[in-house]
Structures are given as C-alpha cells and as structure tokens.
Amino acid sequence: MSTLRHIPYGRQSIDDDDIAAVIEVLRSDWLTTGPTIEQFENDLASFVGSEHAVAVSSGTAALHAAMYAIGIGPGDEVIVPAITFAATANAAIYLGATPIFADVNPDTLLIDPGSVADRITTRTRAIVAVDYAGQPCDYDALRVIADRYHIPIIADACHALGGYYRQRAVGAVADLSTFSFHPVKHITTGEGGAITTKNYIWAQKMRYFRNHGITTDHRQRAEKGSWFYEMVDLGYNYRITDFQAALGRSQLKKLSRWVERRREIARRYNQIFADNPVIRPLAVMADVVHAYHLYVVQLAIDALRVDRNRIFSELRQCGIGVNVHYIPVYLHPYYRDRFGYGPGLCPNAETAFARILSLPIFPAMTDNDVDWVSETIINITRNYS
Ligand SMILES: *Cc1c(COP(=O)(O)O)cnc(C)c1O
C-alpha cells in the first residue's frame, strides 16, 4: 500500500466556484482585454494595499515589465540574489543589463544586505529582493542602501503573496512587487503574473509594455468608437486573458485561508524537526508573516555518510515529491559561458545548495501527510547518521 502513496511538493486547489467563474467569462463578450482583467487588478491591489496592479501573462513577464518600467537598459547592473529561479536574473538580460549576484544569509537564504552593499557600483540601477520560500527579505536594511544610491527595490514576491513584513503586506513594501500565478504558487491562473506599485507612471508604462508598446487596448478603442492607436515603444504581447483573470479573482478569495493552512503545516514540520540533529528548517525572522510557498530544510551533510542527492532520491522512491530550490543561478552553463561566473562567487549560496531540500507543502495536505513525510525523512537520515 505505502508504495502507492504519492505526495507532490506543491499542488493547486481548484473548486466548483473557480470553474463557474471561468465558464461565466467564456460565455461573455470579452475573452481578452476585457473588464475582468481590471477587476482582478483592483482586487489584487486592494488585497496587498497598493495603488496599482498590472496583470500580465506570467511572473517572468512581470519581472521584465517591472525592470522596463524603471528604465533598465544596456550597460546597467541589476543586483539579484544567487539563490532564486533563473527568471529573476534573466529579466535583466532581456533588457541588455547585467545581473550581479549577491550572496544570501546562510540561515534564511534571503539576499544579504551586506553583500548587496559590496556589489554596488556606479552602474547599479536596481536591487531585486526575492522573498525566498515565502519569507519577506530584510527590506529596512535594503532600503537604507537603495536610498543612499537613489535606486529602486523590486521585490520578486513570486513566493510570498499573502506574507507580511513588519505589519505591511507583501506587495506594498518594495517600489515594485512581482507575482506569479503558476499552479505551484499561492493562487493560480494557469499561467499568469502581476506587478503592484504605488507609482502611476510605472503602472502606465507596464500597461503599454504588455500590449506591444501600444498606448490604448482594443476595448478602450471600442469604447471611443475609434480605430486610432500609437505604438510609443517596443513592447510585447504579455497580456493575460479574462478567463484567467476570473480564475485569479475566485482564487484570491481563498488566499488568506490557504496561507493560514500553509503556516499550520510549517508549524507542524517545525515541531517535529525541533530536536533533530540533521534536519534543520530555515530560520524565520521576527516581525514577518512567512507565506510558505516552500518548506525548505538544510541537511547537516557533515553528519551524514551520504550527500543530499542520495536523500533526495530515496525520498522520491518513497513517493515523496521533494525538490531542490535552487541551484545558484550563476552556476548554470549559460551564465558561466556568457558572464564568466563560476564557483566561489557566493560561498553561502553554494554551501546551502549542497544541503537544501524542499518538502511538500500545499493547502490540501493533511496532518497525516505531514507526519508521513517527516517520519520518512527522519528514518532515511537516521540510517546514514
Ligand atoms: C515562479 C517564479 C518566477 C516566474 O514565474 P512564472 O510565472 O513561472 O514565469 C520568478 N521568480 C520566482 C522566484 C518564482 O518562484
């Protein structure tokens, strides 16, 4: 029996209300550039307490649009953390800029403000803070650096929707915050993303950037009875559809409950691992609400006779969908070849990379599932201690 059991590391939750919301839009006049997109944007902006939300086709498009809005271009440098999904750094390259990798705090794996300060040059144009696993970064420390050099902070908050930094919702802390609605994230639209900001000019730029650089969309022209439009800059088709926005609105209603359940699961894991000498959950800072997109532990590999990959594959064989988030981005072949990056650039990130495992966490996971995953990893690591 137990060999048939399988738990993924993450999984979407879709209910009948979500399905009904999508069907309603499919039967309406507007499948794209319609009114549901703006409604979703308004819902999202008010959820996070920001003025503007711009919905786009993915979290990657959101990062690209955010960097476009603040004017990132050739010759510029953008500081990003070593431990993140490649898209964070790729977005800077799309605009001709160079991603500069800052090291992470060894206990939280969040971007280390000290390392950011070390990486600032006269060409630095932005700091991208990734709320890794769902924990907000040390924004007060980052703000001191950003203000000193007059550069904006972009939060890659793709892991952290529903989190809080010092009483402020993720999405209203950085100058621009980007989100992803991929099925493993907190809420899903299939594919999709958004940016929140208090800056009206940036929001307007992102709205035309997602629409080929054209200043009016199809519905705005239809309302005016006009065919005229102008393309003011080179943009992309990064539009989200109305039926995706309908799914997003419906999902958003359940977000707070889901984040609460993720936090319960994390608390249960934390309690079980509290006295374990080889399984160490990442540290959580005071004064934050961690949204727990991921539940990451570091293995004390010095105390084990095998490496992380061995523990990983034994867990997979047991039907437990563990994962590794992430290989330091600069170690990917593309980054080594194009920028000459290599081992030694961010020592904390490289040490952590050899030790990390992401354990399953998603709202529909039961306490029994959590206990089974915990017992299994405890038993496997005990065999090699
Ligand atoms: C998911 C994710 C992205 C990209 O989002 P997509 O919607 O898949 O394009 C970017 N950054 C981080 C940290 C992510 O987790």
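Calculation criteria
- Residues numbered from 1 in each chain as written.
- Predicted model: local features only at pLDDT ≥ 70, side-chain atom pairs only at ≥ 80, totals over all residues.
- Heavy atoms only, no water.
- Helix = DSSP H or I, 4+ residues; strand = E, 2+ residues; numbered from the N terminus.
- Rg over C-alpha atoms; globule rule 2.2 N^0.38 Å.
- Buried < 20%, exposed > 50% of the residue type's maximum accessible area, 1.4 Å probe, protein only.
- Contact = heavy atoms within 4.5 Å.
- Areas by Shrake-Rupley, 256 points an atom, 1.4 Å probe, with all protein chains shown as cover.
- Lys, Arg positive; Asp, Glu negative; His and termini not counted.
- Charge placed at Lys NZ, Arg CZ, Asp CG, Glu CD.
- Core = buried A, V, L, I, M, F, W, Y, C linked by side-chain atoms within 4.5 Å.
- Phe/Tyr/Trp six-rings, centres within 6.5 Å; stacked < 30°, edge-to-face > 60°.
- Lys NZ or Arg CZ within 6 Å of the ring centre and 35° of its normal.
- Right-handed = clockwise from strand over helix to strand, strands pointing away.
- Pairing = 2+ DSSP bridges.
- Salt bridge = Lys/Arg side-chain N within 4 Å of Asp/Glu carboxyl O.
- Axes fitted to C-alpha atoms, helices over the stretch in contact; angles between N-to-C directions.
- Left-handed = near helix turned anticlockwise from the far one by under 90°.
- Patch = residues over 30% accessible without salt bridge, like charges linked within 9 Å, V, L, I, M, F, W, Y side chains within 5 Å.

### Section: the overall build of the protein
Turning to step 1, where the next piece is worked out: A count of helical and extended segments in the protein gives 14 helices and 13 strands.
Turning to step 2, where the next piece is worked out: The C-alpha radius of gyration computed for the protein amounts to 21 Å, which stays within 12% of the reference 21 Å derived for 385 residues, consistent with globular compactness.
Turning to step 3, where the next piece is worked out: Seen along its three principal axes, the alpha-carbon backbone of the protein occupies a region of about 70 × 55 × 40 Å.
Turning to step 4, where the next piece is worked out: Residues classed as buried in the protein amount to 57% of the 385 residues present.
Turning to step 5, where the next piece is worked out: A separation of at least 24 residues holds for 72% of the contacts in the protein among residues at least 6 apart in sequence.
Turning to step 6, where the next piece is worked out: Summed over all atoms, the accessible surface of the protein reaches about 16,500 Å², with 51% contributed by carbon and sulfur.
Turning to step 7, where the next piece is worked out: For the protein, the separation between the mean place of its 37 positive charges and that of its 41 negative charges on side chains is 2 Å.

### Topic: the nonpolar core
Here is a general trend for soluble globular proteins: nonpolar side chains tend to be buried in one another's company.
Turning to step 1, where the next piece is worked out: Core analysis: the biggest nonpolar cluster contains 97 residues, and Met67, Val78, Phe101, Tyr132, Tyr139, Leu142 and Ile195 have the highest contact counts within it.
Turning to step 2, where the next piece is worked out: At eight residues, helix α3 (residues 59–69) tops the list of elements feeding residues into this core.
Turning to step 3, where the next piece is worked out: The next biggest cluster of nonpolar side chains, apart from the first, holds 31 residues, and it includes Tyr269, Trp372, Val373 and Ile377.

### A look at the packing of aromatic side chains
Turning to step 1, where the next piece is worked out: Going through the model one piece at a time under the given rule, you end up with 19 aromatic pairs.
Turning to step 2, where the next piece is worked out: Consider the rings of Tyr68 and Tyr208, whose centres lie 6.3 Å apart with planes at 80 degrees: the pair is edge-to-face. Of the two residues, Tyr68 is situated in helix α3 and Tyr208 in helix α7 (residues 200–209); the sequence distance between them amounts to 140 residues. The pair formed by Tyr68 and Tyr208 is uniform in burial state, with each residue classed as buried.
Turning to step 3, where the next piece is worked out: On the numbers, 5.7 Å between centres and 80 degrees between planes, the contact of Phe101 with Tyr335 is edge-to-face. Highlighted residues: Phe101 in strand β3 (residues 98–102) and Tyr335 in helix α12 (residues 333–339), separated in sequence by 234 residues.
Turning to step 4, where the next piece is worked out: Sitting over the face of the ring of Tyr68, Lys205 holds its NZ or CZ atom 5.5 Å from the ring centroid.
Turning to step 5, where the next piece is worked out: Above the face of the Phe353 ring, Arg308 is positioned so that its terminal group lies 5.1 Å from the ring centre.

### Here we look at the pairing of strand β2 (residues 77–81)
Looking down a regular strand, the side chains alternate between one sheet face and the other.
Turning to step 1, where the next piece is worked out: Among the five residues of β2, five are classified as buried, and the element is accordingly described as predominantly covered.
Turning to step 2, where the next piece is worked out: Handedness of the crossover is the feature at issue here: the chain leaves β2, passes through helix α4 (residues 86–94), returns alongside β3, and the resulting connection is right-handed.
Turning to step 3, where the next piece is worked out: Across three bridges, β2 lies against strand β4 (residues 124–130) in parallel orientation. Bridge pairing in β4 links Ile79 to Ile127.

### A few points about the pattern of salt bridges
Turning to step 1, where the next piece is worked out: Taken as a whole and judged by the stated rule, the model has 21 salt bridges.
Turning to step 2, where the next piece is worked out: With its nearest N and O atoms 3.0 Å apart, the salt bridge here joins Arg207 to Glu41. Pair noted here: Arg207 is in helix α7 and Glu41 is in helix α2 (residues 35–48), with a separation of 166 residues, a long-range link.
Turning to step 3, where the next piece is worked out: Residue classification places Arg207 among the partly exposed positions, given a relative accessible area of 23%.
Turning to step 4, where the next piece is worked out: With a shortest N-O distance of 3.5 Å, Arg219 and Glu223 are connected by a salt bridge. Here Arg219 and its partner Glu223 are both found in helix α8 (residues 218–224), four residues apart, which amounts to about one turn of the helix.
Turning to step 5, where the next piece is worked out: Salt bridges here are not isolated pairs; linked through shared partners, they connect Arg261, Glu264, Arg268, Asp367 and Asp371.

### Examining the sheet that holds strand β13 (residues 356–359)
Turning to step 1, where the next piece is worked out: Pairing is antiparallel across the open sheet formed by three strands, whose spatial order is β10-β12-β13. Each of the sheet's edge strands pairs with one partner strand only, and the pair in question is β10 (279–281) and β13. Averaged over all pairs of adjacent strands, the angle between strand axes in this sheet comes to 40 degrees, irrespective of strand direction.
Turning to step 2, where the next piece is worked out: Pairing geometry for β10 and strand β12 (residues 295–299), over three bridges, is antiparallel. Along β12, the bridge assignment pairs Arg280 with Gln298.
Turning to step 3, where the next piece is worked out: Running over the sheet, helix α11 (residues 308–317) touches β12 and β13 and is turned about 20 degrees from β13.

### Considerations on the packing of helix α10 (residues 255–273) against helix α14 (residues 367–383)
Turning to step 1, where the next piece is worked out: α14 packs onto α10 with a crossing angle of 35 degrees between their chain directions and a minimal axis gap of 10 Å. Between α10 and α14 lies a crossing whose hand is right-handed. Mapping the contact onto sequence places Arg261, Ile265, Arg268, Tyr269, Ile272 and Phe273 in α10 and Asp367, Val370, Asp371, Val373, Ser374, Ile377 and Ile378 in α14.

### Observations regarding a nonpolar patch on the surface
Turning to step 1, where the next piece is worked out: A contiguous nonpolar surface patch, about 400 Å² in accessible area, is contributed by Ile14, Ile19, Ile23, Leu26 and Leu31.
Turning to step 2, where the next piece is worked out: Of note, Ile19 is situated in helix α1 (residues 16–26).

### Observations regarding the sheet that holds strand β6 (residues 164–165)
Turning to step 1, where the next piece is worked out: Pairing within the open sheet is antiparallel, and its three strands lie in the order β7-β6-β11. In this open sheet, the two edge strands, each paired with only one partner strand, are β7 (168–169) and β11 (288–289).
Turning to step 2, where the next piece is worked out: Strand direction decides the pairing type here: β6 and β7, joined by two bridges, are antiparallel. Its bridge partner being in β7, Tyr164 is matched across the sheet by Ala169.

Everything listed is a geometric property; what it means functionally is a separate question.
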